[in-house]
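Read off the chains here:
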Amino acid sequence: MEIQILRVEQESCPATRFIGKRYADNVNWEEWWSNNWFDVLESIPSLPINDNGYIGAVHIVDGVPEYWIGMFFSVDTDVPSGFEYIDIEPLNYAVFYLYGRENSSEFYTMKTHDMCLEELKVHNLKRKEDDWCFERYNCPRFTTPDANGNVILDYAVSIEV
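Just so it is clear, the structure is predicted and the values come from calculations on it, not from any experiment.

Chemist: What exactly am I supposed to notice about the sheet that holds strand S3 (residues 53-61) here?
Modeler: Strand pairing in a sheet takes place through backbone hydrogen bonds and is either antiparallel or parallel in direction. Ordered in space as S1-S6-S8-S7-S3-S4-S2-S5, the eight strands form an open sheet in which the pairing is antiparallel. Across the chains shown, the open sheet's two edge strands, defined by having one partner strand only, are strand S1 (4-13) and strand S5 (84-88). Neighbour-to-neighbour, the strand axes of this sheet turn through a mean angle of 30°, independent of strand direction. Bridge count for strand S2 (residues 16-23) against strand S4 (residues 64-73) is seven bridges, and the pairing is antiparallel. What sits directly across from Gly20, in S4, is Gly70.

Chemist: Whenever I open this one, the environment of Glu66 confuses me. Can you help?
Modeler: Looking at where Glu66 falls in the secondary structure, it is placed in strand S4. Overall, the relative accessible area of 13% leaves Glu66 in the buried class. Distance in space between the C-alpha atoms of Glu66 and Val27 is 9.9 Å, their sequence separation being 39 residues. Residue contacts for Glu66: discarding those within four places in its chain leaves Arg22, Tyr23, Ala57, Val58, His59, Val61 and Ile86.

Calculation rules
- Residues numbered from 1 in each chain as written.
- Predicted model: local features only at pLDDT ≥ 70, side-chain atom pairs only at ≥ 80, totals over all residues.
- Heavy atoms only, no water.
- Pairing = 2+ DSSP bridges.
- Helix = DSSP H or I, 4+ residues; strand = E, 2+ residues; numbered from the N terminus.
- Axes fitted to C-alpha atoms, helices over the stretch in contact; angles between N-to-C directions.
- Buried < 20%, exposed > 50% of the residue type's maximum accessible area, 1.4 Å probe, protein only.
- Contact = heavy atoms within 4.5 Å.

Now the structure itself:
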C-alpha cells in the first residue's frame, strides 16, 4: 500500500526551544529507547505542538541537513544535562496526516515528501524553503495500528503566511 494523505491542517506555534539530540546523519532512535531519554524529556512540561508524541525534525544549515530527535518546549525551559537545544522562531506549518502500513519505510521517502509538497499547492500554501520539517510520532495514531494494520504519521512542513 502506498502512503496516503488523509488530511492537511494548518497549525502554528510560538517561539519554541527544541530539546533533544542533534545528528549529522544516521538518526538513532534506538539509543533513545535504550537510554530512556524520552523519560527525561517527559518529566518537563512541554508544548501542545508535541501532541502526545515524539519529534524527529530536520532543517538546512549552510546547505546541509541537520537532524534532531526530541520535543518542543517553551523558550525559557532549562535544558537537562546531556541534551542539546535549538531555539526556533514562531512557526507556521502544514501537517499532513499520512496513512500507511505499520513499519513502512515509505513514510520516509523523497516520493512521500514530494507528494506532500504537491499537496501544498492544492491548498494554495507555499513551503518556507530550508526551514523546519518534522515528523510527529503521536500516541496512539502512530503507535497503535488500526484493524487493517495501518498507522498515521504526522508530517509537518514549514509554510509561509
